[in-house]
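# Secondary and tertiary structure notes
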Amino acid sequence: MRISILINNFNYARYLGDAIDSALAQAGPDVEVIVCDDASTDRSWEVITGYGTRIRSWRSPHNLGQASAMNAGMSMSSGAWVLFLDADDRLDPEALAVCRTLMAEDVAKIQFQLQCITEDGRPMGRQIPYLLHEGDVRPLIQRFGTYGGPPSSGNLYRRSAIERYFPLDTPAWRRAADTPPFLLSAFHGRVVNAPRPLGCYRIHSSANRARGCFGNISARHGDMLRIEAHRRSTTLALLARHDGIVLDSPPLHAPWNLRSRALSLRTEPERHPYPEDTLASLMRMQADSLAACPGYTWSERRAAQLWLLVVLLVPTSWAPRIAISNTSGRIRRWFRQLRTHVV
């Protein structure tokens, strides 16, 4: 069964070769690699053309955003399964081999954790996401507007579960265009988790890290919250238009989104998009969210509540430092080790 790896790129020449090499390293003759460049101004096209006929490629004459590159990749590809690999990430050599063992007719998406690496590819000793949900995740989407899953590079989709939503509207999805397939595929089958991390997520934005923001896109927590609201509302509109499924605004916020909400309130209150937020309201929202979100142990819920309380109470200058430490993964490992020793 053919698998299409679609790499979308804009000005990531310094990482692009690593991503393409990892895609070409996947075993099997039925893997196609397609690289779509969104009018890069660096050496990206030189890197792409250097691979000759080993890959297929497309170059936009104008920079139109992520959706444009993803649309092009979908139209050029023929795989029954599709993986959108970001140009600054990479796959493990056995990634698709492991995923093949999990394919089934009722599976819409196979997802896996990603190891975090530095700009120069060194392991950071942690994985994302903190939590992976699987099975029928539609109730979670209805409740939270999302579910536990990885960034774009950690998702392998059954084509029939996502192709109806393409082409994506280019102006609406200049960024975060991986959201529609992530959320909407779940309405066409089960989500299955791979047993271990199968790729790497590169963290290379020092400006973001200095503010305690995760990832490489938004350097401000308020902007992250606005993007998240746009992603959710626009994606649910697609669901209503294509499938006739109308979901109301979710009643709860996902625990990981409340992290950004608390940091936005503390670090840049003048830019915070929810002026009604207070310490008490955020603590109450988090308690409700953690109680309703599967996958957390009692100890992990208490640790998350303590973390949020500290962020909301410490001096403003300390809040980003606490976020930078990103202790949630360490806390989970510590609790697991503790339970093992107790047993």
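Everything here concerns the structure above.
The text that follows walks through the structure, step by step, so that each part is easy to find. (Residues numbered from 1 in each chain as written. Predicted model: local features only at pLDDT ≥ 70, side-chain atom pairs only at ≥ 80, totals over all residues. Heavy atoms only, no water.)

Let's shift gears to the nonpolar core. Membership of the largest hydrophobic core comes to 41 residues, with the highest contact counts inside it found for F84, I141 and Y147. Those elements that place two or more of their residues in this core are β2 (31-37), α3 (66-76), β4 (81-86), α5 (138-144), α6 (159-162), α7 (179-184) and α9 (221-243). With five residues, the single largest contributor to this core is α3. By size, the runner-up hydrophobic cluster in this structure holds 38 residues, among which are V31, V107, F112 and L114. (Core = buried A, V, L, I, M, F, W, Y, C linked by side-chain atoms within 4.5 Å. Buried < 20%, exposed > 50% of the residue type's maximum accessible area, 1.4 Å probe, protein only. Helix = DSSP H or I, 4+ residues; strand = E, 2+ residues; numbered from the N terminus.)

Within the secondary structure layout, D86 lies in strand β4. Among buried Asp, Glu, Lys and Arg side chains, D86 stands out as unpaired, with R231 the closest opposite charge at 9.8 Å. When near neighbours in sequence (up to four residues on either side) are disregarded, D86 contacts N8, A19, Q66, S152 and S153. (Lys, Arg positive; Asp, Glu negative; His and termini not counted. Salt bridge = Lys/Arg side-chain N within 4 Å of Asp/Glu carboxyl O. Contact = heavy atoms within 4.5 Å.)

This part takes up helix α12 (residues 298-313). Between the first and last C-alpha of α12 there are 23 Å, a value that for 16 residues agrees with the 22 Å anticipated at 1.5 Å per step. Buried residues of α12: E300, R301, A303, Q305, W307, L308, V311 and L312, and no others. (Expected span 1.5 Å × (residues − 1).)

Of note, A287 is situated in helix α11 (residues 279-292). According to the relative accessible area criterion, A287 is partly exposed, its value standing at 29%. It is 7.3 Å that separates the C-alpha atoms of A287 and Q305, two residues lying 18 residues apart in sequence.

Attention shifts here to the sheet that holds strand β5 (residues 90-91). Sheet strands associate in pairs through backbone hydrogen bonding, adopting either a parallel or an antiparallel arrangement. Strands sit in the order β5-β11-β7-β8 across an open sheet of four strands; the sheet is mixed. The open sheet has two edge strands, β5 and β8 (123-128), and neither has a second partner. Of the pairings in the sheet, the one linking strand β7 (residues 114-117) to β8 comprises three bridges and is antiparallel in character. The residue bridging L114 from the neighbouring strand is I128, located in β8. (Pairing = 2+ DSSP bridges.)

Geometrically, the link from I128 to P129 is a cis peptide bond, its omega value of 0° lying close to zero. Tracing the backbone through its elements, the reader meets P129 in the loop between β8 and α5. Across the junction of F166 and P167, the peptide omega takes the value 0°, indicating a cis bond. Tracing the backbone shows P167 in the loop between α6 and α7. Even without being glycine, N11 reaches a positive phi, approximately 60°. With respect to the helices, strands and loops of the structure, N11 is situated in the loop between β1 (3-9) and α1 (13-24). Positive phi is not limited to glycine here, since A176 has a value of about 60°.

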